[in-house]
Each structure stands twice: as C-alpha cells, then as structure tokens.
Amino acid sequence: MTRVAAIDCGTNSIRLLVADADPVTGTLVDLDRRMTIVRLGQGVDRTGRLAPEALERTFAACREYAAAIKEHGAERIRFVATSASRDAENRAEFTAGVLDILGVEPEVISGEQEAEFSFTGATRELPGHEERLVVDIGGGSTEFVVGREHVEAARSVDIGCVRLTERHVRNDPPSAAELAAVRADVEAALDLAERTVPLRDARTLVGLAGSVTTVAGIALDLDAYDSGRIHHARISRERVAEIVRTLAAATHEERLAIPVMHPGRADVIVSGALVLLALMERIGVSEVVVSEHDILDGIAWSMTG
C-alpha cells in the first residue's frame with residue numbers, strides 16, 4: 001500500500017487526489033479528491049501565453065493542495081500538466097511556481113501520455129475485456145483511446161470546451177451559426193482522430209471529465225452533484241441530444257441555475273456537451289458509460305510501479 005498524491009492541471013481546472021493505492025488488490029482508496037476551476041488556459045489560444053491572473057489562480061490552488069498533501073502524509077507526489085501549459089511561451093514561469101509551492105516539477109505530458117493515464121484510470125475497475133473507447137473531453141484538448149486491458153490506439157486533438165468556446169461563441173445563448181462552427185470544428189477533429197484511432201470498433205464508450213459528468217448529473221435529474229450516482233451511470237444518446245438542445249437554448253444565468261452545474265463550467269458546457277454528442281452520433285453507440293475515475297486515477301496508479 002502506497003499513499004500517493006496525484007495532481008492533474010488542465011486548461012480549465014486543477015484537481016487533486018490523495019489515495020492509498022494497493023496494486024496487489026487493484027484498489028485505490030480515496031482520502032481527498034477535489035477540483036478547483038482556475039482557467040489556466042484563459043486566452044492561450046489567442047495570445048500564446050499564460051495570463052498573470054490565470055497563473056495566480058493556479059498557484060493559489062496549489063498552495064491549498066500542498067497543505068492537504070502534507071496533512072495526509074502522502075509519500076509520493078506527481079503533478080501532470082496538460083494542454084494549456086504545453087502550448088504556452090511562458091511555461092517556465094508556471095514550472096518555477098509549481099516547484100516552489102509543491103516541491104515537484106510539473107510534467108508537461110504529451111497527448112498520448114495523457115490518453116494512457118486516462119484509459120488506465122477509467123477502465124481499471126470495469127468488468128470484462130471488450131474493446132472500449134475512452135473519450136476525455138478537457139478544456140483545451142480531447143483524447144480518444146481505444147483498447148481492452150491496455151491502450152491499442154490513442155489520439156489527442158485540439159478541441160476542448162474552453163478552446164471551442166473561445167474560438168466560436170460570442171452570444172448568450174450561442175447563435176445557430178456559432179453552434180454550427182463548433183460542430184464543424186468537432187467533426188474535423190473526429191476525422192483527424194479516425195485516421196489513427198478506430199473509433200467505430202469499440203463496443204463500449206466511456207466518457208470522462210467535467211463536461212460528461214455534468215451532462216450525466218443533468219440526465220439523472222440530481223438536486224446536487226453526487227459523484228457516487230454519476231460514476232458508472234449509463235446515459236442514452238437520445239438523452240444527451242435532448243440536454244445539448246436545452247443547454248444551447250439557455251442563457252448563462254439559466255445554465256448556472258442547474259443544480260449540478262459548477263459555476264466555472266456554465267459558459268463552456270455547451271461546447272463540451274456537443275463534443276460528446278457528435279462522437280456518439282459518429283460511432284453509432286446508444287449510450288455512454290460515465291466514469292468519475294480518469295487521468296487523476298491513472299496518475300495515482302503510475303506511482304505504484
């Protein structure tokens with residue numbers, strides 16, 4: 001048994017998992033799991049740089065996480081940074097800040113490594129060994145991974161809920177033309193992904209990250225976000241399509257009023273949900289299996305080898 005602390009810093013959010021990992025029994029027992037919306041990728045698509053206020057929000061979250069890690073007495077820490085920090089000109093400033101606060105350097109991983117962690121975290125506890133497609137819809141990028149027990153093919157593409165929203169959405173609610181532009185971007189990315197990942201071969205679609213779990217929470221009509229209810233929920237394609245239509249027609253304030261909606265996700269959820277729907281329609285699956293276990297859990301498992 002090893003007590004580990006895994007940190008996943010994406011474009012939109014930074015998340016912490018402190019857990020006891022037992023590779024012999026295959027169990028990962030959560031001690032502390034939390035998420036903070038920091039919007040590290042704010043404006044990166046346009047400026048190529050991490051904004052000072054985005055860095056400060058991220059460092060503030062890191063200070064909170066450092067206190068939690070110390071309190072739980074984690075033996076190993078791994079900090080993985082994804083899309084936004086991979087693309088930014090001033091990523092050295094980000095690296096230095098994280099090292100100063102947490103004592104470890106952020107590992108700016110490739111999309112392929114990101115996909116490997118996501119697949120491990122999402123599928124390790126699922127029964128059976130059928131071909132699965134894991135989709136991880138992030139803020140800046142989306143990962144597609146096909147495999148059984150191990151990754152067979154993976155591709156990261158530059159569509160994510162923040163990036164798509166910043167590129168195309170100016171109105172509230174989004175106009176038909178803006179939604180069409182988001183959808184066109186997603187379809188082009190799916191074309192790209194299909195060149196190297198056989199998306200349509202999978203028997204099961206497993207969906208990860210905030211856009212998917214939020215859609216699931218809405219589908220389940222939850223009064224508040226309930227990770228236990230959402231984890232391994234099965235949501236039909238028809239229900240996803242209905243939710244996309246509802247979200248796209250709603251104003252920012254109306255989306256904020258949805259009980260399971262995180263305040264930091266209300267402005268980008270339409271784009272994220274559209275990625276999920278477009279994928280389901282493309283590959284013809286009738287439902288998505290929602291997983292609360294994802295890249296964070298994969299990072300935690302990577303420290304037990």
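Presented here is an overview of the structure given in this document. Owing to the predicted nature of the structure, the values given are computational and were not obtained by experimental measurement. (Residues numbered from 1 in each chain as written. Predicted model: local features only at pLDDT ≥ 70, side-chain atom pairs only at ≥ 80, totals over all residues. Heavy atoms only, no water.)

Let's talk about helix H2 (residues 52-72)
The end-to-end C-alpha distance of H2 is 30 Å, a good match for the 30 Å that 21 residues give at a rise of 1.5 Å each. Residues of H2 that are buried: Ala 54, Leu 55, Thr 58, Phe 59, Ala 61, Cys 62, Tyr 65, Ala 68 and Ile 69. As for H2, its buried residues are in contact with strand S1 (2-9), strand S2 (13-22), strand S3 (27-37), strand S4 (76-81) and helix H4 (91-102). Once H2 finishes, Gly 73 follows within two positions and takes phi at roughly 70°, a positive value. (Helix = DSSP H or I, 4+ residues; strand = E, 2+ residues; numbered from the N terminus. Expected span 1.5 Å × (residues − 1). Buried < 20%, exposed > 50% of the residue type's maximum accessible area, 1.4 Å probe, protein only. Contact = heavy atoms within 4.5 Å.)

Re the pattern of salt bridges
Under the definition given, this model contains 24 salt bridges. For Asp 45, the salt bridge goes to Arg 163, with nearest N and O atoms at 2.9 Å. Pair noted here: Asp 45 is in helix H1 (residues 44-47) and Arg 163 is in helix H6 (residues 161-168), with a separation of 118 residues, a long-range link. Residue class for Asp 45 comes out partly exposed when judged on its relative accessible area of 37%. The partner of Arg 239 in a salt bridge is Glu 242, with the nearest N and O atoms 3.0 Å apart. One end of the pair is Arg 239 and the other is Glu 242, both in helix H10 (residues 237-249) and three residues apart, which spans about a single turn. The exposure class of Glu 242 is partly exposed, given its relative accessible area of 38%. Residues joined in a network through salt bridges with shared partners are Arg 183, Glu 187, Asp 191, Glu 194, Arg 200, Glu 281 and Arg 282. (Salt bridge = Lys/Arg side-chain N within 4 Å of Asp/Glu carboxyl O.)

Considering the pairing of S4
In summary, the side chains of a regular strand alternate between the two faces of the sheet. Sheet analysis places S1 next to S4, joined by six bridges and oriented parallel. Opposite Val 4, over in S4, you have Arg 76 as the bridge partner. Bridging between S4 and strand S5 (residues 107-108) involves two bridges; their strand directions are parallel. Residue pairing in the sheet places Val 80 in a bridge with Glu 107 of S5. (Pairing = 2+ DSSP bridges.)

Thoughts on unusual backbone geometry
Here the amide bond leading from Asp 172 into Pro 173 is cis, since omega sits at -5°, within 30 degrees of zero. Positioned with a positive phi, Asp 221 is a non-glycine residue whose angle comes to about 55°. Here Asp 221 lies in the loop between helix H8 (210-219) and helix H9 (227-230). At His 232, a residue that is not glycine, the phi angle is positive and equals roughly 70°. Checked against the element boundaries, His 232 lands in the loop between H9 and strand S10 (234-236). On the basis of relative accessible area, His 232 is assigned to the partly exposed category, the value being 30%.

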